[in-house]
Amino acid sequence: MDLRIFTEPQQGASYDTLLTVAKATEDLGFDAFFRSDHYLRMGSVDGLPGPTDAWITLAGLARETKRIRLGTLMTAGTFRLPGVLAIQVAQVDQMSGGRVELGLGAGWFEEEHKAYGIPFPKEKFARLEEQLAVVTGLWATEVGETFSYDGTYYQLTDSPALPKPAQRKVPVLIGGHGATRTPRLTAQYADEFNIPFASVEDTERQFGRVRAAAEKEGRAADDLVYSNALVVCVGKDDAEVARRAAALGREVEELKANGLAGSPAEVVDKIGRYAAVGSSRIYLQMMDLDDLDHLELISSQVQSQLS
């Protein structure tokens, strides 16, 4: 089971804070550092000092880390034109020496679009499908050849399809709860399927849909990585769990029901339940980015039992 650290900087985090967490992620032996791609806080937090751009952040971290994978859960397709996104991700992949992964979604948070003047089209999923075709098509085009695409929303003519990522293929992640279109797009374009904030039962059901879609597409279902994203709240005793839950503004029992919460033994046990239905990777949603002791505890008493 791979454990990855997943952050939500729109809730309030500077680049320096993210760098500190990314370096701790690397030092403590976690597999990867991922972040959300949002420009507006959610809920009652103040969000200070303000949003940081996902791909500018990852470019910085690419130069200041050495081992961990870096990526997004999920880049909003509404934020960037697909040709520009392909260039940005390829460049960050070069800067990292080939450690980048692209999670790409349709975009859903209308308020952040209004706040920063970003168009919020109705046909988001259809646009996402074309974006995936363009981004992966640009990367797959051989050097010296050109790429053209004539879609409903995006048209490219004789693109040199440069620059190329450092990796032969940048892993693409698609995620969500959709029963039909999401599994189909995953089967067509993705290397990993991620289901966010889902129960074991819902995870098993959605993984089954994705596996069936992959086989229908002519792929072996096991070609894909299957993963979860879950909030994490671990403590060495009940008092520490309660303190960390309070810092998140949530109740312990609710976190135990809907995330990974409790003692290290409880969390290891629940991770085992996700592993039993096919998950091989979990993105641990860390909300309190100043609590580096939390990371150390997970590394020493949870991750160590999963190795």
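The following paragraphs examine the structure supplied in this document.

Reading the values: rules and limits
Residues numbered from 1 in each chain as written. Predicted model: local features only at pLDDT ≥ 70, side-chain atom pairs only at ≥ 80, totals over all residues. Heavy atoms only, no water. Axes fitted to C-alpha atoms, helices over the stretch in contact; angles between N-to-C directions. Helix = DSSP H or I, 4+ residues; strand = E, 2+ residues; numbered from the N terminus. Left-handed = near helix turned anticlockwise from the far one by under 90°. Contact = heavy atoms within 4.5 Å. Nonpolar A, V, L, I, M, F, W, Y, C, P; charged D, E, K, R; others polar. Parallel < 35°, antiparallel > 145°, perpendicular 65-115°, else oblique. 1 Å grid on protein atoms, 1.4 Å probe; cavity = no way out; pocket = protein on both sides within 12 Å on 5 of 7 lines; lining within 4 Å. Points joined across faces, edges and corners; volume = space filled by probe spheres on them. Salt bridge = Lys/Arg side-chain N within 4 Å of Asp/Glu carboxyl O. Buried < 20%, exposed > 50% of the residue type's maximum accessible area, 1.4 Å probe, protein only.

1. What to know about the packing of helix 10 (residues 264-276) against helix 11 (residues 292-306)
When two helices pack together, their arrangement is given by the angle between their axes and by how far apart the axes lie. Close contact between helix 10 and helix 11 brings their axes to 9 Å; oriented N to C, the two are set at 35°. The way helix 10 lies across helix 11 gives a crossing that is right-handed. Residues Pro264, Val267, Val268 and Ile271 of helix 10 touch helix 11, and the partners they reach there are Gln301, Val302, Gln305 and Leu306. Here the residues of the contact of helix 10 with helix 11 sort into 6 nonpolar, 2 polar and no charged.

2. As for the packing of helix 5 (residues 124-140) against helix 6 (residues 181-189)
As a packed pair, helix 5 and helix 6 sit with axes 11 Å apart at the nearest point and diverge in direction by 5°. The pairing of helix 5 with helix 6 is recorded here as roughly parallel in orientation. Together, Phe125, Leu128, Glu129, Leu132, Ala133 and Thr136 of helix 5 and Arg181, Thr182, Arg184, Leu185, Gln188 and Tyr189 of helix 6 make up the contact between the two elements. Looking at the contact of helix 5 with helix 6 residue by residue, the class counts come to 6 nonpolar, 3 polar and 3 charged.

3. Concerning the layout of surface pockets
Space inside the largest pocket adds up to approximately 1100 Å³. Lining the largest pocket we find 41 residues, and of these Phe6, Glu8, His38, Trp108 and Phe197 sit closest to its centre. Its residues placed into classes, the lining of the largest pocket shows 20 nonpolar, 16 polar and 5 charged. Lining the second largest pocket are Thr136, Trp139, Ala140, Thr141, Glu142, Val143, Lys164, Pro165, Gln167, Arg168, Lys169 and Val170. For the lining of the second largest pocket, the class distribution of residues is 5 nonpolar, 3 polar and 4 charged.

4. Looking at the pattern of salt bridges
Enumeration according to the criterion identifies 19 salt bridges in this entry. Of the charged contacts in the structure, one is a salt bridge between Asp31 and Arg4, with a shortest N-O distance of 2.6 Å. With a gap of 27 residues between them, Asp31 in the loop between helix 1 (15-27) and strand 2 (32-35) and Arg4 in strand 1 (residues 2-7) connect regions that are remote in the sequence. Taking relative accessible area as the criterion, Asp31 reaches 23% and is therefore assigned partly exposed. For Lys114, the salt bridge goes to Glu110, with nearest N and O atoms at 4.0 Å. In this pair, Lys114 and Glu110 are both assigned in helix 4 (residues 110-116), 4 residues apart and thus about one turn of the helix distant. A relative accessible area of 65% places Lys114 in the exposed class. What emerges from the salt-bridge pattern is a single network uniting Lys236, Glu240, Arg243, Arg244 and Asp291.

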